[in-house]
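Listed below, chain by chain, are the residues.
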Amino acid sequence: EHHHDDLEARRRTAALGKLSTFILDSPNASLVGKQLMGASAEDREEILLDVFQDRRASTLEGRASSLLLYLNWFRTRHGVDTPVLPFTEDSAYEYVRGLWLERKPPSRGSTFREAVAFAKFTFGAEGSDEVLCSRRVLGSSLRSLEGKRLLRQREPLKVGWLAILERILMGEIDTYSV
């Protein structure tokens, strides 16, 4: 249990570092960015811990990764002098459409939209509504998902098979006689 808690704490710290990188790229375009700018380094860590306290490390990791993928794409497109925030519908659409055209993983566009919603509700990223309300961004992310192969699962176990399996596990049936 203790090892699991340490691992979770390390994952959380790493994810918070990534989120901090994204937020501080354009600190004046989010509520939390403004709060971080007016705080000492020690207080910044506390602010981030408080802001994201109710989120699991796995959620933070996923959202941070998606936002950093967008940040990296944005940097190659617009250079380092253009702030990534506020989000703009044009850039978001160009990004999501590019994911589809470049045959990136099908869920990456919808994951990006989830990350934008996360950015809106957790750290107050400006421009989020413009992206989340965009039918172009939504449609392009859905189009990417159309190509995603359906999950193919085995047929579920029948009750009789399960009963036999249980008897084998209980040692009531010799596995060689089945």
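Residues numbered from 1 in each chain as written. Predicted model: local features only at pLDDT ≥ 70, side-chain atom pairs only at ≥ 80, totals over all residues. Heavy atoms only, no water.

Note the cis peptide between L85 and P86, where omega equals 5 degrees. Its location among the elements puts P86 in the loop between α4 (57-78) and α5 (89-101). The backbone of R103 shows a phi angle near 55 degrees, a positive value even though the residue is not glycine. (Helix = DSSP H or I, 4+ residues; strand = E, 2+ residues; numbered from the N terminus.)

The next thing to look at is the packing of α4 against α5. Axis angle and axis distance: for two packed helices, these are the angle between their axes and the distance between the axes, and together they describe the pair. Packing of α4 against α5 leaves a shortest axis separation of 11 Å and a crossing angle of 105 degrees. Taken together, the axes of α4 and α5 are roughly perpendicular relative to one another. Taking contact as the criterion, the partners of S66, L69, Y70, W73, F74, R77 and H78 in α4 are, on α5, S91, A92, E94 and Y95. Of the residues assigned to the contact of α4 with α5, the class counts are six nonpolar, three polar and two charged. (Axes fitted to C-alpha atoms, helices over the stretch in contact; angles between N-to-C directions. Parallel < 35°, antiparallel > 145°, perpendicular 65-115°, else oblique. Contact = heavy atoms within 4.5 Å. Nonpolar A, V, L, I, M, F, W, Y, C, P; charged D, E, K, R; others polar.)

Our next topic: the packing of aromatic side chains. In total, this model carries twelve aromatic pairs according to the counting rule given. Note on Y70 and F74: the rings are 5.9 Å apart at their centroids and 45 degrees apart in plane angle, and the pair reads as tilted. Placement of the pair is Y70 and F74 together in helix α4, with a separation of four residues, close to one helical turn. For F74, a relative accessible area of 5% translates into the label buried. Here Y70 and Y95 contribute two aromatic rings whose centre-to-centre distance is 5.1 Å and whose plane-to-plane angle is 75 degrees, an arrangement assigned as edge-to-face. Taken together, the residues span a long stretch of sequence, with Y70 in helix α4 and Y95 in helix α5 at a distance of 25 residues. With respect to class, Y70 is no different from Y95; both count as buried. One aromatic cluster is present, formed by F22, F52, Y70, W73, F74, F87, Y95, F112, F118 and F123 through successive ring pairs. (Phe/Tyr/Trp six-rings, centres within 6.5 Å; stacked < 30°, edge-to-face > 60°. Buried < 20%, exposed > 50% of the residue type's maximum accessible area, 1.4 Å probe, protein only.)

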